[in-house]
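Residue strings, one per chain:
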Amino acid sequence: MREPIYMQDFDYHLPNERIAYHPLTERDHSKLLVYQNGMITDDTFYHLPHHLPPGATLIANNTRVIEARLHFTKSTGGVIEIFCLEPYQPSAIVEAMETVERVQWRCLIGGASKWKPGQILQKPFEIDGQPVVLNARYVTKEEEAFIIEFEWNGGFSFAEILHVAGAMPLPPYIKRKAEGEDASRYQTVFAQHNGSVAAPTAALHFTERVFKDLSAKAIHHHYVTLHVGAGTFKPVKSETIAEHHMHAEVFSVNVDTLQALIKAQTLVAVGTTSLRTLESLHWLGVKLLLNPTLAEFTLEQWEAYDLAPHGYTYTQSMEALHQHLLQNGQTELWCRTSLLIVPGYTFQSAKALITNFHQPRSTLLLLVAAFIGDDWKKVYDHALLNNYRFLSYGDSSLLFRPLSP
């Protein structure tokens, strides 16, 4: 990234009536905007297989949204909301969700001024008829979050505690409490690994019918796991993107998916989280090729732009990561990425992206602009004029990356 990228150039007017505050009755009945070679067509999502080349490989994010919002009532009657962001040691997300009795998390606090360090809040409830009391103790404050220690009885995992005592963390622009429909509809049909505080929304449209039709065209699908953080909704407040701090997210990829990436001819990313994962994997593979003794698989915000001149192919990077797992007797690679994709970035992986319609002046919109160029304006204008529903519960798009000249 050389020239300044001004956020005002990625603004547009999003009327409230274009925002989807509730999901459609049927997942795969959302609209599908298809952009390819500068042309736009309108369809319905269940026709997605018709628009993909036979033999393509879809990569989707199988993270599962946790019920991250906890409400505690103080003895005075005041309510304090604790929004669980990530474990205090975020690389240990699996262990944190399986932990029993006690765990520490980074959290956002609603009403933090009413809660003093060391003070313990209590939330009583039942799991399968067994009384449980969840204690929350204010440990300390960091720059952008609080460290909270949770303690509970009953021998239940923290995942079980959140599932019963917590509420689904709907995006902040949805000004309503989570309802019954959100418990299932704010999860993908293939959600598996607990850890996200926001859904990989591009995948919310998929159904068993869609997967069946994809298989009929020999279109395969594989999974990565990136636990989406609240930073997804963090607004860019700076004048240029260079001044914005990109949040870090933990992801993992298993050996089978790496093998599929090595063999894939046409990669299709299901959502921005999957695309960031695919691209991060490439640069981590490059780092491994440059340093075979690499011990920490972490990618910083602008690091990819410095690594770009080294010229390794995507296949070479995936083979290096695959070989690393085999040599170390591992089946899964855990990584941490802060990669920020902006116009001027050179993509290495996917030829197409399935994604929803994103907020103005957001890092997600910058990613779309990087993927299809200035035509993002044409795509969004078309969506607004043709009554597409925007944001997390909104409609979908299939964007093909322009062919290199």
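On a predicted model such as this, the values are computed, not experimentally measured, just so you know. Throughout this description, residue numbers start from 1 for each chain and increase along the sequence as written. Side-chain atom pairs in this predicted model are given and counted only at pLDDT of 80 or more, local residue features only at pLDDT of at least 70, and totals for whole chains, interfaces and linings cover all residues. The side-chain numbers reported here are obtained from all heavy atoms of the structure, hydrogens and water having been left aside.

To form a nonpolar core, buried Ala, Val, Leu, Ile, Met, Phe, Trp, Tyr and Cys residues must be joined to one another through side-chain atoms within 4.5 Å. With a 1.4 Å probe rolled over the protein chains alone, any residue whose accessible area is under 20% of its type maximum counts as buried; one over 50% counts as exposed, and the rest are partly exposed. Judged by nonpolar contacts, the single largest core of 79 residues is most densely connected at Tyr 186, Leu 261, Trp 376, Tyr 380 and Phe 390. The element that contributes the greatest number of residues to this core is helix α9 (residues 363–372), accounting for eight residues. Beyond its immediate stretch of four places on either side in the chain, Trp 376 contacts Asp 9, Phe 10, Asp 11, Tyr 12, Leu 365, Val 368 and Ala 369. Leu 85, Met 97, Ile 109 and Ala 165 belong to the second largest nonpolar core, which has 37 residues in total. By definition, any uninterrupted DSSP run of H or I lasting at least four residues is a helix, any uninterrupted run of E lasting at least two residues is a strand, and each is numbered from the N terminus. Here a residue-residue contact requires only that any non-hydrogen atoms of the pair lie within 4.5 Å.

Our next topic: the sheet that holds strand β14 (residues 267–270). Between any two strands, at least two bridges found by DSSP are needed for them to pair. An order of β2-β1-β18-β17-β14-β3-β12-β13-β16-β15 is seen for the 10 strands of this open sheet, with the pairing classed as mixed. Edge positions in the sheet fall to β2 (39–44) and β15 (298–299), since each has one partner strand and no second. Pairing analysis gives two bridges linking β15 to strand β16 (residues 332–337), with the strands arranged parallel. Bridge pairing in β16 links Thr 298 to Arg 336. Sheet strands touched by helix α5 (residues 255–263): β3 (57–61), β12 (220–226), β13 (249–254) and β14. Its angle to β13, the strand with the most contacts, is close to 75 degrees. Contacts from α9 reach β1 (31–36), β17 (352–355) and β18 (396–400) within the one sheet, and its direction differs from that of β18 by about 35 degrees. To define axes, lines are fitted to C-alpha atoms, for helices over the stretch in contact only, and angles between the resulting N-to-C directions are given on a 0 to 180 degree scale.

Two aromatic rings are characterised by how far apart their centres lie and by the angle between their planes. Ring geometry is summarised as follows: Phe, Tyr and Trp rings, the Trp one being its six-membered ring, pair when their centres sit within 6.5 Å, and such pairs are stacked at plane angles under 30 degrees, edge-to-face over 60 and tilted between the two. This model, assessed by the stated rule, comprises 23 aromatic pairs. Seen from their ring centres, Phe 357 and Tyr 380 are 5.5 Å apart, and the 75 degrees between their planes marks the pair as edge-to-face. Of the two residues, Phe 357 is situated in the loop between β17 and α9 and Tyr 380 in helix α10 (residues 376–385); the sequence distance between them amounts to 23 residues. In this pair, the class of Phe 357 matches that of Tyr 380, namely buried. Geometrically, the ring pair formed by Trp 376 and Tyr 380 is edge-to-face, given 5.8 Å between the ring centres and 75 degrees between the ring planes. Residue Trp 376 and its partner Tyr 380 are located together in helix α10, separated by four residues, close to a single helical turn. A single burial state applies to Trp 376 and to Tyr 380, both of which are buried. Among the aromatic side chains, those forming a connected cluster through ring pairs are Phe 10, Tyr 12, Phe 357, Trp 376, Tyr 380, Tyr 388 and Phe 390. For the cation-ring pair, Lys 31 lies above Tyr 388, with the distance from its terminal atom to the ring centre recorded as 5.0 Å. Geometrically, a charge over a ring is one whose NZ (Lys) or CZ (Arg) sits within 6 Å of the ring centre while staying within 35 degrees of the ring normal. Directly above the aromatic system of Tyr 46 lies the positively charged group of Arg 209, at a separation of 4.6 Å from the ring centroid.

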